[in-house]
Amino acid sequence: MASECTEELKLAVAWNRIDTAKAELFNGDIQWKYEDLEDSMTDALINNKPQFVRLFCENGLNILDYLTNNRLESLYRSLSDSLLAYILLQRRLSERKTLAGSQLSVDGAAPGAMETFHMEVNTSASAMDLSLFEVSRLLQDLLGDVCEPFYYGALGLDPRMGTRRALKQVNKILQGECTYRNQQCLSPWAALFIWAVLQNRSEMAIYFWEMAGESVLSALGACKILRELSKLENETESKLAMKKLAQRFENLANDVFGECYQSSESRSFTLLIRKSPVWGGATCLEMATAADARLFFSHDGVQSLLSEIWWGDMERSTEVWKLILSFFMPPLIYTDLISFREPEEEIKPSAVHHIRDNDSVGGNDVTDFSIADIIQNEEEMEELKTLKENLKGSSMHTKSKRPFIVSRWRQFWYAPVTSFLGNVLMYFLFLCLFAYVLLVDFKNPPPDGPSSLEFVLYFWVFTLVCEEIRQTSLGGSLFLLQRMKKYIQDHWNKCDLTAILLFLLALICRMFPWSFNVGRAVMAIDYMIFTLRLIHIFAIHKQLGPKIIILGKMVKDVFFFLFFLGVWLMAYGVAHQALLFSYDPRSKWIFRRVFYRPYMHIFGQIPVHEMDTDKLEELSCTYNHSEIEAGAEPCMSTYANWLVVILLVIYLLFTNIVLVNLLIAMFSYTFSKVQGHSDIYWKFQRYNLIVEYHYRPCLAPPFIIFSHLHILIKRHIRQIPSAKSQHFAVELQGRKASRLNTWEAVQKENLLSAQNKQQRESDTSRLQRTSVK
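Source: prediction; values computed, not measured. (Residues numbered from 1 in each chain as written. Predicted model: local features only at pLDDT ≥ 70, side-chain atom pairs only at ≥ 80, totals over all residues. Heavy atoms only, no water.)

K.L.:
Looking at this structure, how should I read the confidence of the model for the protein?
P.N.:
Detailed conclusions should not be drawn from predicted coordinates in areas where pLDDT is low. When pLDDT is averaged along the protein, the result is 82, and 84% of the positions lie at 70 or above. In the model, residues 113-125 has pLDDT below 50 throughout and makes 13 contacts with residues more than four positions away in sequence or in other chains. Low pLDDT, under 50, characterises residues 344-400; the predicted model gives this stretch 109 contacts beyond four residues in sequence or across chains. (pLDDT = per-residue confidence, 0-100. Contact = heavy atoms within 4.5 Å.)

K.L.:
Quick question: what am I supposed to make of helix 27 (residues 491-510) here?
P.N.:
Every α-helix carries 3.6 residues per turn, so stepping three or four residues along brings you back to the same face. When the terminal C-alpha atoms of helix 27 are compared, their 29 Å separation across 20 residues agrees well with the 28 Å that a helix rising 1.5 Å per residue should span. Among the residues of helix 27, those classed as buried are Asn 493, Cys 495, Asp 496, Ala 499, Ile 500, Phe 503, Ala 506, Cys 509 and Arg 510. Contacts made by the buried residues of helix 27 are with helix 24 (416-439), helix 25 (452-473), helix 26 (480-489) and helix 28 (516-532). (Helix = DSSP H or I, 4+ residues; strand = E, 2+ residues; numbered from the N terminus. Expected span 1.5 Å × (residues − 1). Buried < 20%, exposed > 50% of the residue type's maximum accessible area, 1.4 Å probe, protein only.)

K.L.:
Can you walk me through the packing of aromatic side chains in this structure?
P.N.:
Any aromatic ring pair is given by two values, namely how distant the centres are and how the planes are angled relative to each other. For the structure on display, the rule yields 40 aromatic pairs. With 5.5 Å between their ring centres and 35° between their planes, Phe 442 and Phe 516 make a pair best called tilted. Remark: Phe 516 occurs in helix 28 and Phe 442 occurs in the loop between helix 24 and helix 25; sequence separation between them is 74 residues. Exposure remark for Phe 442: the relative accessible area of 12% places this residue in the buried category. Judged by centre distance (5.6 Å) and plane angle (40°), the ring pair of Phe 591 and Phe 595 falls under tilted. On the criterion of helical spacing, the pair formed by Phe 591 and Phe 595 is a turn pair, its members being four residues apart in helix 31 (residues 587-601). (Phe/Tyr/Trp six-rings, centres within 6.5 Å; stacked < 30°, edge-to-face > 60°.)

K.L.:
For this particular structure, what's the right way to read the side chain of Glu 744?
P.N.:
Tracing the backbone through its elements, the reader meets Glu 744 in helix 36 (residues 735-760). For Glu 744, a relative accessible area of 0% corresponds to the buried category. Side-chain polar atoms of Glu 744 contact the backbone nitrogen of Val 216, separated by 3.0 Å. Contact partners of Glu 744, with chain neighbours within four places excluded, come to Glu 214, Ser 215, Val 216, Cys 260, Leu 271 and Arg 274. (Polar contact = N/O pair within 3.5 Å; in protein donor to acceptor, adjacent residues only side chain to side chain.)

K.L.:
Explanation requested: helix 9 (residues 132-143) in the structure shown.
P.N.:
Its twelve residues give helix 9 an end-to-end C-alpha distance of 16 Å, which sits within 8% of 16 Å, the value for a rise of 1.5 Å per residue. For helix 9, the buried fraction is high: ten of the twelve residues fall into the buried class. Three or more residues of helix 9 are buried, namely Leu 132, Phe 133, Glu 134, Val 135, Ser 136, Arg 137, Leu 138, Leu 139, Leu 142 and Leu 143.

K.L.:
Help me understand the packing of helix 24 against helix 34 (residues 678-695), please; the structure alone is not making it clear to me.
P.N.:
How two helices sit against one another is set out by the angle between their axes and by the gap between those axes. The contact between helix 24 and helix 34 brings their axes to 8 Å, and the two run at 90°. Judged on the interaxial angle alone, helix 34 and helix 24 are roughly perpendicular. Between helix 24 and helix 34, the residues in contact are Pro 416, Ser 419, Phe 420 and Asn 423 and Leu 689, Tyr 693 and His 694, respectively. When grouped by side-chain class, the residues that make up the contact of helix 24 with helix 34 number four nonpolar, three polar and no charged. (Axes fitted to C-alpha atoms, helices over the stretch in contact; angles between N-to-C directions. Parallel < 35°, antiparallel > 145°, perpendicular 65-115°, else oblique. Nonpolar A, V, L, I, M, F, W, Y, C, P; charged D, E, K, R; others polar.)

K.L.:
Is there a simple way to explain the pattern of salt bridges in this structure?
P.N.:
Any two side chains of opposite charge can pair, on the condition that their charged atoms come close. One pass over the full model with this rule turns up 21 salt bridges. Notably, a salt bridge pairs Arg 71 with Glu 38, separated by 2.5 Å at the nearest N-O pair. In this pair, Arg 71 sits in helix 6 (residues 69-77) while Glu 38 sits in helix 3 (residues 34-46), placing the two residues 33 residues apart along the sequence. Of the two residues, Arg 71 and Glu 38, neither departs from the other in class, the shared state being buried. Residue Glu 95 pairs with Arg 92 through a salt bridge whose shortest N-O separation is 2.9 Å. Taken together, the residues span about one helical turn, with Glu 95 and Arg 92 both in helix 7 (residues 84-106) at a distance of three residues. For Glu 95, a relative accessible area of 34% gives the class partly exposed. What you see here is one network of salt bridges that share partners, running through Arg 92, Glu 95, Arg 137 and Asp 141. (Salt bridge = Lys/Arg side-chain N within 4 Å of Asp/Glu carboxyl O.)

What follows is the structure in structure tokens.
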């Protein structure tokens, strides 16, 4: 019976008659089998008919049996050639086939085979050679180093191998039997979701998002993909559609996480730091950072987690003066001056990262993670690993034997807020030392100098260099070049690098008599850069942080203002110089009179006695060109002096009234625009600062050198891996991961049910239902 209606079903799909299909073909009279719906499902996917896709999945089509790797590749091959994703995939395909051609030439292939290969590369039929490797490379370009490469497991590739090596291995695989294509896709809903997102199909992508697991992370991943695609898209309409869909997914991620946070605070924290096997080991926090999801970061649940990480085991209500007092008088941490949360005393042998399991999904029982589990330092992780090995196979719980003095000491000094406070205090001391050396104790080149305090300054800067090297080494499995690229992307890292390079240049120059003054001048400029670094340090402050963001936006406005001002300065300055002096070949004086003097006119410094002939003073000058070239002062031209005065009036009118007020208006617009969202921007930047000081050693420069030696011995001599390389990440497996996924899915369903109910009860929906009746 079902096979007889297959043609009718194909016609319904072709004509997009979902009403006919529901009334005639899916009314319960026909028992559809998987084989009957397979081809129609493919047509519905390719032709963007999400209602039919939903209908087929609800009436007998098993997506696990349907989506094999071969069918997923065929879906990507069916992309429209006008889509940006198709163009990007073709570029990756061309790269792979070009490398395959170079391999053939190296291996000494026959000339006829080479000609045939180049013909295949240059024909449109090469799109049929598209594989999951090209899809993986495209996703890697869009998602960056947030995720491990997609589909490498299906292709039998190692995620840690380089791109060129992976290309060679893929070419060998594709020249063989390609057994991976007959295998089922491990995460079919997520694969179809990414496929729909790459095509910017909103309704289809929303349906697959509803069906896929890990709702928050999936929505943030789609947001990242769409925003990266919008940067590459040239068509305005498609670009706006991508940005709109990206914002929609960010709102969905924010709403689902809000539902999770209302249900269970501890589980929602776990959700933020859980590593996803579907999304290449990424976490929600990492993906939100990459996607620039400021709205998501402004959520109270995310900020609550960040605050707990920031304060460590100390109470968040602790006053700053108590921290400063304890910083200079460490014995006070053993008193009741600072309140600490009680650490977990028991460690379960079956737990990973101190997880406490419960069987309930929607009830009061939750999978609980203490904040100490999230921000464990290396020593705690090593101790936990040792304890777990000793307790393997035993059901006994072991109490921690760490003395109170040691545990309290670590609770205070290993908190990121303590590290931040120490770095701030020591940085102020560094600036004071730098200023004293520069102003008072900057002695002549050797053998007279440098002084002892200057040597202390050099050592201090050396420890700063060591810290920057340590930051560059962070990156997990990334290659050195990728780590350096990631390091340079941060604007404040560029500032640090500039300051260090200028200091090295100044240090070299000051050692020689012929370049001593140059070194001192460079060091003075370098002090300014080191001082400006304080802006980044105080970005964590709740009141100063938003103002710093507004200041950064206003700096961009200044550059636009300087462009207009520069054009007007040049126009007036050249005319002004040409009218006042008939001949003056001195280059430095031309620059001063064309740019510097008109610029000073804006602030009221107008030398009238040098411009107006009525007030001209008698000076020793000459009109002789030879004497002027020899260095004599040229006489001012009195011809058309009235035009000079008129140009001055027009110039001052335009600059002081028009341009300056334009700058004020731009500042006002920027302030009013950013002020309403400055809190969101600040919360997003706050995360980056917390991550930075979470990774930093507890000691501040110059004492940080001891921490660096400790890390060097641990990592390279004792070969003990770092727990801090895990970016606020926890890996769940088995029942724990399944329970968390189920709980998240329940919260998502609750949100969607509430939204659907609200939509049905709206006035528009009521009118629509009334008109239908």
